[in-house]
Amino acid sequence: GAFHVSKIEDLIPELQGRFPITVELDSLTKEDFVNILSNTENSLPMQYGALLAVDNINLKFTAEAIDEIASIAVMQNESHENIGARRLHSIMENLLEDISFNATGEHPLIDVVVDKQYVLDHLDKLIKQHDLTPYPLAFAVICQKDKQHKETQQMHTNRIIRKLSANIAKKR
């Protein structure tokens, strides 16, 4: 190539950014996602915990939940566009959507533990998000399971809302 004798850094600064550089990166693994979720200074679980703490919700994630979130992120990146660690933002938003929109802050402190079952219940739609329309029988089965999933998710949401309402009633 053009730079087998010299390096790009040898050029004047005005020209350094003008040459296209192609770099091939490996996809993030499940271990990478677990590391990002648990070992970074301002990890997403810590950010969501701080965000919901304003609304009197003490949010905690179990190790199994973080492991499951990492698995789903890998699966989503493999089956859809691979957007790397940015995938975690959309997954966390979907996971905590009910809690985020139902938290009013008008109640005493509530402990919410996100475990593996909670992740599976709330992200079931992402897990099963494959195009099965060419296969009518399989599509019908998925539609039936999606109905059951919505009922389970609604049950969890109602439980959280009842807990919040009971705490608000106690406060008054």
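Quick summary incoming for the structure in this document. Note that this is a predicted model, so its numbers are computed, not measured.

Computed from the structure, the second largest pocket encloses a volume of approximately 150 Å³. Lining the second largest pocket are 14 residues, with Pro 45, Met 46, Gly 49, Leu 59 and Lys 60 sitting closest to its centre. Counting residues per element, the ones that place at least two in the lining of the second largest pocket are α2 (30–38), α3 (44–53) and β1 (57–61).

Applying the stated rule across the entire model yields 1 cavity of 30 Å³ or more. Here the largest cavity is characterised by a volume of approximately 40 Å³. Every residue along the wall of the largest cavity is listed here: Ile 57, Ile 99, Ile 110, Val 112, Ile 160, Lys 163 and Leu 164. At the level of elements, β2 (110–114) and α9 (136–171) are the ones that each hand at least two residues to the lining of the largest cavity. With 3 residues, α9 is the single largest residue contributor to the lining of the largest cavity. Taken together, the residues that form the lining of the largest cavity break down as 6 nonpolar, no polar and 1 charged.

Here we take up helix α4 (residues 63–79). Between its first and last C-alpha atoms α4 spans 25 Å; for 17 residues at 1.5 Å apiece the expected length is 24 Å, and the two agree. Within the span of α4, buried status applies to Ala 65, Ile 66, Glu 68, Ile 69, Ala 70, Ile 72, Ala 73, Val 74, Gln 76 and Asn 77.

Turning to the pairing of β2, a few remarks are in order. Alternating residues of β2 divide into Ile 110, Val 112 and Val 114, all buried, and Asp 111 and Val 113, none buried. Relative to β2, β1 runs parallel, the two being bridged by 5 bridges. Considered in β2, the bridge of Lys 60 is made with Val 113.

Further remarks concern the nonpolar core. Counting residues in hydrophobic clusters, the biggest one holds 31 residues, and the most contacted among them are Phe 61, Ile 69, Leu 95, Leu 96 and Val 114. For this core, the secondary structure elements donating two or more residues are α2, α3, β1, α4, α5 (87–95), β2, α7 (116–122) and α9. By residue number, the principal contributor to this core is α4, which donates 7 residues. The residues contacting Leu 96, other than those within four sequence positions of it, are Tyr 48, Leu 59, Phe 61 and Val 114.

What counts, and at which threshold
Residues numbered from 1 in each chain as written. Predicted model: local features only at pLDDT ≥ 70, side-chain atom pairs only at ≥ 80, totals over all residues. Heavy atoms only, no water. 1 Å grid on protein atoms, 1.4 Å probe; cavity = no way out; pocket = protein on both sides within 12 Å on 5 of 7 lines; lining within 4 Å. Points joined across faces, edges and corners; volume = space filled by probe spheres on them. Helix = DSSP H or I, 4+ residues; strand = E, 2+ residues; numbered from the N terminus. Nonpolar A, V, L, I, M, F, W, Y, C, P; charged D, E, K, R; others polar. Expected span 1.5 Å × (residues − 1). Buried < 20%, exposed > 50% of the residue type's maximum accessible area, 1.4 Å probe, protein only. Pairing = 2+ DSSP bridges. Core = buried A, V, L, I, M, F, W, Y, C linked by side-chain atoms within 4.5 Å. Contact = heavy atoms within 4.5 Å.

Just geometry here; none of it tells us what the structure is for.
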